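So you can see what is in the structure, the chains are spelled out below.
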Amino acid sequence: MEGVSYQRFPKIKIREVKDDYMKFELRETDASIANALRRVMISEVPTIAIDLVEIEVNSSVLNDEFIAHRLGLVPLISERAMAMRFSRDCDACDGDGQCEYCSVEFHLRAKCINDTTLDVTSKDLYSSDHTVVPVDFSDASSTIDNTESRGIIIVKLRRGQELILRAIARKGIGKDHAKWSPAATVTFMYEPEIYINEELMETLSMAEKQEFVDSSPTKVFDINPRNGQVYVHNAENYTYDDEVLKKAEAMGKPGLVEIHAKEDSFIFTVETTGGIKASQLLINAIEILKQKLDAVRLSADTVEADEQFGELGAHMRGG
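As a starting point, this report considers the structure included with it. (Residues numbered from 1 in each chain as written. Predicted model: local features only at pLDDT ≥ 70, side-chain atom pairs only at ≥ 80, totals over all residues. Heavy atoms only, no water.)

1. Some remarks on the sheet that holds strand 3 (residues 47-58)
To keep things clear, this is the line we draw: When DSSP finds at least two bridges between two strands, those strands are taken to pair. The secondary structure listing takes helices from DSSP runs of H or I that are at least 4 residues long and strands from runs of E that are at least 2 residues long, numbered from the N terminus. Residue contacts are counted whenever heavy atoms from the two residues lie within 4.5 Å of one another. For helices, the axis comes from a line fit to the C-alpha atoms of the stretch in contact; other axes are also lines fit to C-alpha atoms, and the angle between any two N-to-C directions lies between 0 and 180 degrees.
Spatially, the four strands line up as an open sheet ordered 3-8-4-6, and their pairing is antiparallel. Either end of the sheet is taken by a strand with one partner, and the two such strands are strand 3 and strand 6 (126-127). Examined bridge by bridge, strand 4 (residues 103-111) and strand 6 share two bridges and lie antiparallel to one another. Note on strand 6: the bridge partner recorded for H107 is Y126. Across the face of the sheet, helix 2 (residues 64-72) comes into contact with strand 3 and strand 8 (162-172) while running at roughly 155 degrees to strand 3.

The following block contains the structure:
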């Protein structure tokens, strides 16, 4: 019925969660909310990143701008980002962006004094705040000596070369610059529903069944070795490529399987840069999305008030 609206209550079910990885289900909502949540996670959840670099000495092979750019892309632990102020809104430093409420100071001092190449990494950055430090990608349980265990390489120095700098990290969002994005990737897909027509399937020989199963590039189907029946091995592997549907038609068996996307159920996969935990990224994104919806609701109420009171309502707000 036109003009009728109804309220929905989205639900989230966590499937898998690690510090930098998360997989969850979002149900009882539509694609607009799913995509809004995804976009907020990528571009509007704040983090902390190096935004100002003052280089005192640089005799390396990389110029100042190159090093500053590399420093900006080093992910920093940003658990306190939500509580920090944006530098442009900070009244403690009048927007200068260099006070304890809106910034964190880093120092780096490195010099190569022998013939061995010196790797200057993110672990050489010393922070004024112990809670805001470069992300440590090393795995304490791993016995493999890889590059990541020594930090992210910023520059390599040869004998006599030196690098001394001061850097200021500030709060920001991915919409302003990718270095502030907390997400390496955020994807979602419609949850598929797959139905097998058992009667048609029984008309196939074992060789044809195997041919049908092999037509799926992501191994959605498999054959039960005990009774020879084809079953759905993993529905979520389906990528909506329609390969099995095309194969069924080519075999003269249209309708062998039916595949539908649940329009109110989505499977999210989230990977972070390590600045904040994946679970915290989701919580922060939901909070920011709620604030945006509240702002829209307030705006709608304001428009309704203007329609009721005309110029008086706008005048009272200073319009």
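Having seen it, we continue.
2. What about the packing of aromatic side chains?
Inclusion rule: Two rings from Phe, Tyr or Trp (for Trp, the six-membered ring) form a pair when their centres sit within 6.5 Å of each other. Planes less than 30 degrees apart are called stacked, planes more than 60 degrees apart edge-to-face, and all others tilted. Three labels apply to residues, based on accessible area from a 1.4 Å probe with only protein chains included: buried if under 20% of the type maximum, exposed if over 50%, partly exposed otherwise in between. In this analysis the charged atom, NZ for Lys or CZ for Arg, is taken to sit over a ring once it is within 6 Å of the ring centre and within 35 degrees of the ring normal.
Per the counting criterion, the structure on display carries six aromatic pairs. On the numbers, 4.9 Å between centres and 10 degrees between planes, the contact of F24 with F268 is stacked. With F24 in strand 2 (residues 21-27) and F268 in strand 12 (residues 257-272), this residue pair connects regions lying 244 residues apart in the sequence. Neither F24 nor F268 differs from the other in exposure class; each is buried. Between Y238 and Y240, the aromatic rings sit 5.2 Å apart at their centres with planes inclined by 65 degrees, giving edge-to-face as the arrangement. By way of ring pairs, the aromatic residues F24, F188, Y190, F266 and F268 are connected into one cluster. Lying across the ring of W180, K179 places its NZ or CZ 4.8 Å from the centre.

3. Some details on the environment of A83
Summarising the element assignment, A83 is placed in the loop between helix 2 and strand 4. For A83 and Y101, which are 18 residues apart along the polypeptide, the C-alpha to C-alpha distance reads 8.9 Å.

4. Things to note about the environment of C112
Mapped onto the fold, C112 is located in the loop between strand 4 and strand 5 (118-121). Overall, C112 belongs to the buried group, its relative accessible area being 3%. In this structure the C-alpha to C-alpha distance between C112 and R158, which are 46 residues apart in sequence, comes to 5.8 Å. Once residues within four sequence positions are removed from consideration, C112 is found in contact with L118, L157, R158, R159, G160 and Q161.

5. Observations concerning the nonpolar core
This is how it is decided: Throughout, nonpolar core names a set of buried Ala, Val, Leu, Ile, Met, Phe, Trp, Tyr and Cys residues whose side chains join them through atoms within 4.5 Å.
Ranked by internal contacts, the top residues of the largest apolar core, which has 23 residues, are I50, L76, F106 and L108. Elements that contribute at least two residues to this core include exactly strand 3, helix 2, strand 4, strand 7 (153-157) and strand 8. Beyond its immediate sequence surroundings of up to four residues, L76 is in contact with I48, A49, I50, F106, V132, V133, P134, V135, A169 and G275. V45, A183, I276 and L282 belong to the second-largest nonpolar core, a separate cluster that totals 20 residues.

6. Some remarks on the pattern of salt bridges
The criterion, for reference: Definition used for salt bridges: Asp or Glu carboxyl oxygen within 4 Å of a side-chain nitrogen of Lys or Arg.
For the coordinates displayed, the defined rule picks out 22 salt bridges. The partner of E28 in a salt bridge is K11, with the nearest N and O atoms 3.1 Å apart. Placement of the pair is E28 in the loop between strand 2 and helix 1 (31-43) and K11 in strand 1 (residues 11-17), with a sequence separation of 17 residues. A residue is classified by how much of its surface remains accessible, and K11, at 44% relative accessible area, is partly exposed. With its nearest N and O atoms 2.7 Å apart, the salt bridge here joins R166 to E54. Taken together, the positions of R166 in strand 8 and E54 in strand 3 put the pair 112 residues apart, joining distant regions of the chain. A residue is classified by how much of its surface remains accessible, and E54, at 38% relative accessible area, is partly exposed.

What is shown is where atoms sit, not what they do.
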